[in-house]
Each structure stands twice: as C-alpha cells, then as structure tokens.
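Listed below, chain by chain, are the residues.
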Amino acid sequence: MARLIKTEAVVEGRTEVRWTLVEEDSTPEWPADQPPGVVGEPTTRLTAGARLSGSARYTSDMQLPRQLEATVLRSPHANARLTSISLDAARAVPGVRAVIGPGDCPQFDGEAVLHDEPPYGGAAVAAIAAETREAADEAMAALDPQWEPLGFVVDLDQSLENQTFQDDPVEYERGDAETALAAAELTITSDYLAPAQLHNSMEPHCAVADWRPDGLTLWSSTQGIYQARSQLCGSFGLDQEHVRVICHFMGGGFGSKFGCGPEGVIAAELSRRAGRPVRLVLSRRDENLSTGYRTPARFSFTIGAGCDGRLQAVEASAVMGLGTGGWAYPVLEPVKSVYACEHQHLMTLPMRLNLGPAAAFRAPGVMEGTWAFEQALDELAEAAGLDPLELRRRNHTDVDPSTGRPYTSKRLLESYDLAAELAGWDARDELRSDGRVRRGMGCASQYWWGGGGPPAYADVRIGSDAKPVLTVGMQDLGTGVTTACAVVLAERLGIRPDQVTVRTGDTDLAGHGPFSGGSMTLASVAPAVRSAGHHVRTQLLELAADMFEIAASDLELTEGEVRSTDGTLRRPIHDVTEKLGNAWVTGSGSRAPNPDGMAVNTFGCQIAQVAVDTLTGLITVERVVAVHDIGRVVNPMGARSQVLGGILQGIGFALSEERVVDPTTGTVVNAGLEDYKIPTLADLPEVECRFVGEPDPELALGIKGLGEPPIIPTPGAIGNAVAHALGLRLREAPYTPRRVLEALQ
Amino acid sequence: MQVELEVNGNRYRVDAAAAEPLSALLRDRLQLTGTKVACGEGTCGSCTVLVDDRPVLSCLTLAAACDGASVRTVEAEGDLLDRLRRAFTEEDGFQCGFCTPGQLMSALALLERTPHPSPDEIVTAMSGNLCRCGAYEGIAVAVARAAEAPA
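This is a predicted model, so every value here is computed, not measured. Counting starts from 1 at the beginning of each chain's written sequence and moves along it residue by residue. Whichever chain is written first is A, and whichever ligand is written first is 1; the rest continue in order. Only residues with pLDDT of at least 70 are given local features in this predicted model, and only at 80 or more are side-chain atom pairs given and counted; all residues enter the totals for whole chains, interfaces and linings. No hydrogens and no water enter the side-chain calculation; it runs on all heavy atoms of the structure.

Next up on the list: the overall build of chain B. Scanning chain B from terminus to terminus reveals five helices and five strands. Strands are runs of DSSP state E lasting at least two residues, helices are runs of H or I lasting at least four, and both sets are numbered from the N terminus onward. Secondary structure of chain B in N-to-C order comes out as β-β-α-β-β-β-α-α-α-α. The C-alpha radius of gyration computed for chain B amounts to 15 Å, which stays within 12% of the reference 15 Å derived for 151 residues, consistent with globular compactness. The principal-axis extents of the C-alpha atoms in chain B amount to approximately 45 × 30 × 25 Å. Across the 151 residues in chain B, those meeting the buried criterion constitute 56%. Contacts in chain B between residues at least 24 apart in sequence constitute 57% of all its contacts with a sequence separation of at least 6. Atoms counted for the radius of gyration: C-alpha only. Globule rule: 2.2 Å times residue count to the power 0.38. Summary of the burial criterion: residues with accessible area below 20% of their type's maximum are buried, those above 50% are exposed, and those between are partly exposed, where the area comes from a 1.4 Å probe applied to protein chains only. Whether two residues are in contact is decided by their heavy atoms, any of which lying within 4.5 Å being enough.

Another point: the overall build of chain A. The helix and strand inventory of chain A stands at 18 helices and 27 strands. Structurally, chain A occupies a C-alpha span of about 85 × 75 × 45 Å along its principal axes. For chain A, with 745 residues in total, the buried portion stands at 63%. Accessible area for chain A stands at about 26500 Å²; split by element, carbon and sulfur atoms hold 47% of it. Surface accessibility in these figures is a Shrake-Rupley result with a 1.4 Å probe; residues are shielded only by whichever protein chains are displayed.

The next point concerns the interface of chain A and chain B. Many authors give the size of an interface as the accessible area that is lost as the parts come together. Between chain A and chain B, the residue contacts involve 54 residues of the former and 40 residues of the latter. Between chain A and chain B, the buried area comes to about 3800 Å², and carbon and sulfur atoms account for 57% of it. Sorting the residues of chain A by area buried against chain B places Leu52, Met202 and Leu681 of chain A first, and these three jointly supply 23% of that buried surface. Put simply, a salt bridge is a Lys or Arg side-chain nitrogen that is within 4 Å of an Asp or Glu carboxyl oxygen. The tally of links from chain A across to chain B stands at seven salt bridges. Between arginine 279 of chain A and aspartate 28 of chain B there is a salt bridge whose closest N-O contact spans 3.2 Å. Between N or O atoms, a polar contact is any pair within 3.5 Å; within protein, one atom must be a potential hydrogen donor and the other a potential acceptor, and residues adjacent in sequence are included only when both atoms are from side chains. Viewed at the interface, chain B and chain A are joined by 24 residue pairs in polar contact (both at pLDDT 80 or more). Values labelled buried area give the accessible surface lost by two parts on being combined, using a 1.4 Å probe and summing over both.

Turning our eyes to something else, we now look at the environment of glycine 128 of chain B. Residues and elements named next belong to chain B. Looking at where glycine 128 falls in the secondary structure, it is placed in the loop between α4 (119-126) and α5 (136-148). The partly exposed category is assigned to glycine 128, whose relative accessible area is 45%. For glycine 128 and glycine 68, which are 60 residues apart along the polypeptide, the C-alpha to C-alpha distance reads 27 Å. Among residues more than four places away in sequence, those in contact with glycine 128 are Cys44 and Gly45.

All right, on to a nonpolar patch on the surface then. Together, Leu4, Trp19 and Leu21 of chain A make up a nonpolar patch on the protein surface, roughly 370 Å² of accessible area in all. Positionally, leucine 4 of chain A belongs in strand β1 (residues 2-11). Exposure above 30% relative accessible area and the absence of a salt bridge qualify a residue for a patch, where like charges join within 9 Å and nonpolar side chains (Val, Leu, Ile, Met, Phe, Trp, Tyr) within 5 Å.

As a further point, take the domain arrangement of chain A. Residue and element names in this part refer to chain A. For each domain, the first and last residues come from an automatic or database assignment. Domain boundaries assigned for chain A yield domain 1 (2-58 + 452-590), domain 2 (62-150 + 199-290) and domain 3 (405-451 + 594-745). For domain 1 versus domain 2, the separation of C-alpha centres amounts to 37 Å. Between domain 1 and domain 2, the residue contacts involve 24 residues of the former and 23 residues of the latter. When domain 1 packs against domain 2, close to 1900 Å² is buried across both sides, 54% of that on carbon and sulfur atoms. Area buried by domain 1 at its contact with domain 2 is led by Tyr58, Leu477 and Thr507, which between them contribute 34% of it. Note that aspartate 508 and arginine 244 form a salt bridge whose closest N and O atoms lie 3.7 Å from each other. On the surface where domain 1 and domain 2 come into contact, there are seven residue pairs in polar contact (both at pLDDT 80 or more). Each residue is assigned to one class: nonpolar for Ala, Val, Leu, Ile, Met, Phe, Trp, Tyr, Cys and Pro, charged for Asp, Glu, Lys and Arg, and polar for all the others, Gly among them. Looking at the side of domain 1 that touches domain 2, its residues break down into seven nonpolar, 12 polar and five charged.

Time to look at the sheet that holds strand β15 (residues 311-323) of chain A. All names here are of chain A. Strand pairing is defined by DSSP finding a minimum of two bridges between the two strands. Read across the sheet, five strands follow the order β8-β16-β15-β14-β9 without closing on themselves; strand pairing throughout is mixed. In this open sheet, the two edge strands, each paired with only one partner strand, are β8 (170-174) and β9 (186-194). The sheet shows a mean angle of 5° between the axes of neighbouring strands, taken without regard to direction. In this sheet, strand β16 (residues 343-352) lies alongside β15 in parallel orientation, the contact comprising 10 bridges. For alanine 318, the partnering residue across the bridge sits in β16 and is threonine 348. In this analysis an axis means a line fitted to C-alpha atoms, helices contributing only their contacting stretch, and an angle means the value between N-to-C directions, from 0 to 180 degrees. Packed on one face of the sheet, helix α10 (residues 366-384) meets β9, β14 (297-305) and β15 and runs near 150° to β9.

Here is the structure:
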C-alpha cells in the first residue's frame, strides 16, 4: 500500500523538505558481502553498441518530417537597450516560417527569455525558424537590430561597491569567532581567487519541439526530464498530460542542463507559431556565453589555531560573481562542515554582474571552496610546523560540526592513510629539488553529500524471452547510471546485466525519477530498481514453484537458472518465462527515505604529484592518488571512469580553464574551444583510484553518489603540490605559465 | 552544386549548397547523424571523418570539395573499426559518447597508417579529439589494445 511521507533531502547543500509517495517494501537487505559475479564486477556499458556505431540518437540528431531550423539573435553588448529591430524584414525572407522578438516569447521559470534590454553579452533577443539554416542566417542579417549601449559592471569589486546582489548574502555564525581569533596562538590570513570555469559539455544545449493541437513533445538535452516538463507546463499553461519530454541519449551536462532551458521555450514557441517541428542547437560560442559557468569567487580567510594545529576559529568571506542568474552556491561549505572548529563567522556575497547566468557545475561551490580552503590549511600546517595530512587528521570530526548530527558512515581517516601509502607521502620531500623542473606533492580532503533519496520509482517487466525491461524516470547524461541500474536488477533476477534493457528519458514512459544532480541519481534510483526487481523475482519463483512442485522458499534465481537449494533442480529461467506467452510479469518499486537525524556525506582524499618547469612555467600533473568513500561500489569500471573524469576537469580548473572578460567592453573573449583550453589526452596523469568503505549501513543498498566527489579535491591537491614544489603559493587559478613565471620572478 | 561521393561504400549524388560543410551533408541530407558537431569551428575533433583515408574535420570541410571522394564515418563497417569498438567498450573509452565517433575515426586513421603505434604516437594522433567526460585513459588503452589484437 502506498503512503505519503515527509522527508528531508540535501541537494547540493540545500536542504529540501518533500512529501513523497512510498510503497511498502519487503525487499530483503542486500548483504554487504555480496558474492562476486553479480555486483561489483566490472560491467561494460549497455549503451556501447548504440554509441559506438553512430546509431544513438541525441537531441541534436533529431530529424522530424518538415522540421525547421532555428537560430537566435544575441546581444553583442555587455548591457544595452534594443532601440529597433526589423522582425517583419526577417519574416519576408523566403523560407522563414516564424520570427519572434522581445515580448513574443513566454517566460522561462519567471524570467524573460527574449530581452528588450539584454543584460549581458550573449543574452537572447530574437529567434527565427526557417526551412534551412541558410534561410535562417539570411533572416538574421535582415533583423538589423539597433542598440543603445548602457553602463555595465563585470568587475567583482565594483559590484560589491554598488551592492548589487544576484542572490541574498548568506551569513553563518557559530560560537564567537572574533574573540576566539584574538586569543588564538596561531593566526594566518590568506586570499584566493577562483576563475569562472565553463562547462563545455560536448553536446551543446539543444531542443527539438513538436507542437501539435493535442500537445507538445520536446526532445531536450536535459538533466531533468520532469523538471523540463514542469517548466514547459508553466511557460505555456499546459497540463502535464499534454507535455512529453524525451532525452534518450545525452552528450554531457555537468550541471548546466537542468530543466528545458530557455532554448526549450524558444523552440516550443517557434514550433507553436510555425505549426512545424523546430530544432534549436546552440553554437559553441552561444553555449559559452549564455548557458552557465562555475562562479568565479574571491575568498578571504582568517584562521586561528592552537600551536598543535587544532582549528579554533575561522572568519571567511567569499565574493561570488553570479552574473545574471544562479544562486549562492555553498562556496564556504568546506570551511563549515569538513573539520572540527568551534568558532566560525562566514559571509557569502553573491554579486550580480553583466555576464550570463551562473549554473551549477559539478560540485558547485564546494569544489572551488575546497580548492581555496585546503590551501589555507596547508599554510596553517606550515605555520604550525606540521605535516599537512597530520593537520587534517588532528581536525577530524566524528559528527557534522554545524548540526551535531552523526554521519551514516565516514571513512575519511582511512582515506588519508590509504592515499598517503599509495602516493608515497612520507617520502614527498625527496621529490623536491632546485633544478629547472621542480616536483612536489599535495593533498586535499573531499566532502560532499550524495546519499540520494525519494522520490524515485522503477518498473520492471519480464516476458517469455526472460529478458527484463527496466523503466526508470531518469536520464543518463553519460555517467553510466543506466548500466549501474542494470547491474542492480541483474542481482535480483540472477541474470547478466547485458540481458537487461533499460528505458529512460521519457516522461510518458515511467514514474517520476530524480533530476541528475547532486550525485543523487544512482543512490536514489537503485533501491527502487532493486525493489521492483524483487517483486518480479518473487513472482517468478512462485511460477516455478507451481511448475516444479517445489516450495518457492526452496528456490532461487542464479546464473540464468532456477535452482533448488538442495541442488536437485537446475533449469534455465527461460523454461519458466516461456509459459508466459505474450504476457508479462511486472513489478514496481519506490525509494524509501534516508534515516532522520543523520548526516549523509561522501568523503575522500586525493594526493597530486606535479612537475613545474621553471623555464617555461608549464605545470604537469604527473600522478593523482584518489581515495573515496562512496559506500557500495555497484560497477567498479564505471566508478573508476567517473573518478578519472572528475580529476581531468579538476586539472582543467587548476591549470588552464578560465573565462576571460574584456574589462573595456564587458564581453567574453574566449568563448571558443581554441582559446578556452580544456584538458586533452596529453594532460592525462597516472591515476591510482581506490574506494574505501563498506556499503553505508544506514542507506538503502548502502550506495552513495560519485558524480561530484572526484572533482572536489583535485584542484586543491594540485595547488598544494605546486606550493610544495616551488616553496611559494599561487593565489589565483588557473596556474597558467604566465602566472607561474610571474610568481617565480 | 552537384557533388558525387561515396560514403561508407554507398554512392550518392547530392545537390549541396555552396558553403555547406561536409558534416551537414552527412547529417542532414544522408541522415548519417553518427558524425557529431560539438564546436563547428574545427577545434574539438568530434566531427572527424575519413576522406580518402585521411582524417578531416567535417565541420570545416566543404561538401563541394568532396566531389569524387570516398568518405568513411562512424557508421562504416570494417574489421579494424570493429576491433576499436570492442576495445573502446572493454576499456570504457567513452562516457556520454558524443565525442566518440570522432575519437573512433581518428583512431582508425592512426591504425591504418601506423598499425603498431607507440604510446607517444597515440597521444599525438588523439590529442586533437576533446572529451569533456575525461575518458582519455580508456581511449588511449583501447587504441593500443586494438592495435595489438589479432585481426
């Protein structure tokens, strides 16, 4: 029987209270010592066949009959008023089927989509749908927009002076930081400046809209199909039943693709007006001007500690450049929550600038905050004459320091020990030299949420061919969650994961599932999948009991067979399911809530080894040891790949990635991939990746998320390694050759 | 403008626009959407296809310049390409898969030219193909493994 329960979930640092529909569940516990061969074995991706043959259809590949191509006019100015625009001239261009300008398009989440006063360079102003891209481009040229440039602010200090906030400032206090700082034996102050990092998912933001009298279908490259549906319902005043959102294959998101995006609303409005399907794919440059970035932030820390290195007080501020959107991402969370420290006063100031809206980017806030604070801790370790890892051990906490809640599990100390052993930490000073190439090693701790939670639902059916179909209301950005779900189902049904078909990414197909963010997807969905699988298992065993006249309790499903526990019966599962004919056995499952009153977090430690060429200023990350505590590892192969991906994006943040804004024009000068430099194969370090920790005893299936954790400590560990190598600290990332050489002079 | 070309062994005659890139011809006219366009400016490698056995960026290559050419895309068949597909699968050389068609075609071009590449040759040949998911380790190992595998 279903019931509504009230539950708490932490999503990227924000606690949400939700009412959730939950089914009663009799699925047995998943033993921590699961025998090998079903779960925990490397499993290749279910999507390999489609993705490696070119047959996978991504949103930008959609080609519906009579589909039009859309293009968007964007402001070239940092801030401007549109004084005139020739929409009719554009409409007169042959092949043009719809043209919309400011005032013609519904809002997106309460915000204007097409602007008559575009507040940043790259803000959308008008949109065109035409038979061909050439016709759309010709119509674009005919729009002849006239602008009145307005004053703009793209500088953090200036916006602070003007007190223009994009979101409410966040103040946090515990204890009495001022008094404790005054009394501290050791005090250090330090500042850090983090860059704006651009997501650059390989698949740009895109949407294909098909507006028909009986409803709207939107193919969207989205991290949240249900969120996209709600937004479209809100924008167009449609009922849920009349909006379908589809995302079968997706080319990455990294936090920039929640919901349908303005591109979804524009495509839908153009389709509504033209009476034809419309495809809108953003160019790489438009992508990098308008779809989000990790917020640049200036950090200031004053840290007070005892001579033993134990933290007593921290005063910290973070000034974030949010642009024209986004929220106060938890940039000071690493100060507040990772270590024991009684007295704190933290201030986060989310400033508005004439730049595109910020968006969540893989561990938003926490990664850049970790980069800054973990370096300040190394400065403290140096002042205290302590080994950096020893300083972290001394400040370990067994309860969440901001709430006093116990953790469901925490294996951070084990992570330090294992990482130190694998990295050769104790011999790290032997790496150092005075030569041209200087080596160093640095560490950083990792803290994140990721326990998942309701609501999440799954449906399983199995027919005569004994090959189950799993339907889940989620989308796979490319993380491999689809394959992990198949692994979880295969365990219950005693089959191989590659025998499972997983259907995702369609709001008409499945019950509600979570958006893909906050490292929540697998931890939310997997328990529902297992529960649905268990219902099917129970029914199959009952059918087998009837057929073979053995009690269901004496039967099990293993290695594709129905077996009796006494070993007398071994028959393929197919022998049972073939009796179904064209009927199915079905089962549904839902995600139960996490325990109340406990903190659910992931932890870890990374140690980076770098080589700095003091002649060229070039830094090479030679080796990264990554140890993470994520509870049960469902698919070691996919988990390792997540870690590698996080580390590489972290290397990009630390060494090469930085959106550059021209202060004289207020516009972004490196929106293309030739001058915004993301890591290549040549930047790949040797990676040693380990997972500590058993399944989390308090969480469903013991699973915690892994999407975000691996990027979090990488830049801080690199920063500390560079400081170890050079004996001086770079305070501004990325550590480009120019900054390295300037620091060395 | 009439363009005659062979794509994955099939012959086509197409009326292409003067400025039409090969990527658009493949994707929009021939419905071969395996080839991906991620930057449209020749900086990411996603759109890599083989023209007369050479890897080219199809987003910067004019369709009209391919008259008489033989083009191969990720949809092509072939033993070496199948070996690469197997190796990419087994080494987890992709995540979202959007850059993968370009990775596969660059790898195919490398192995056809240099059947047994050194690790440095693999890095040099594959560094023009960006992967934001960071599947580089799997890609590099997969290319090396496909080179070693028996045909």
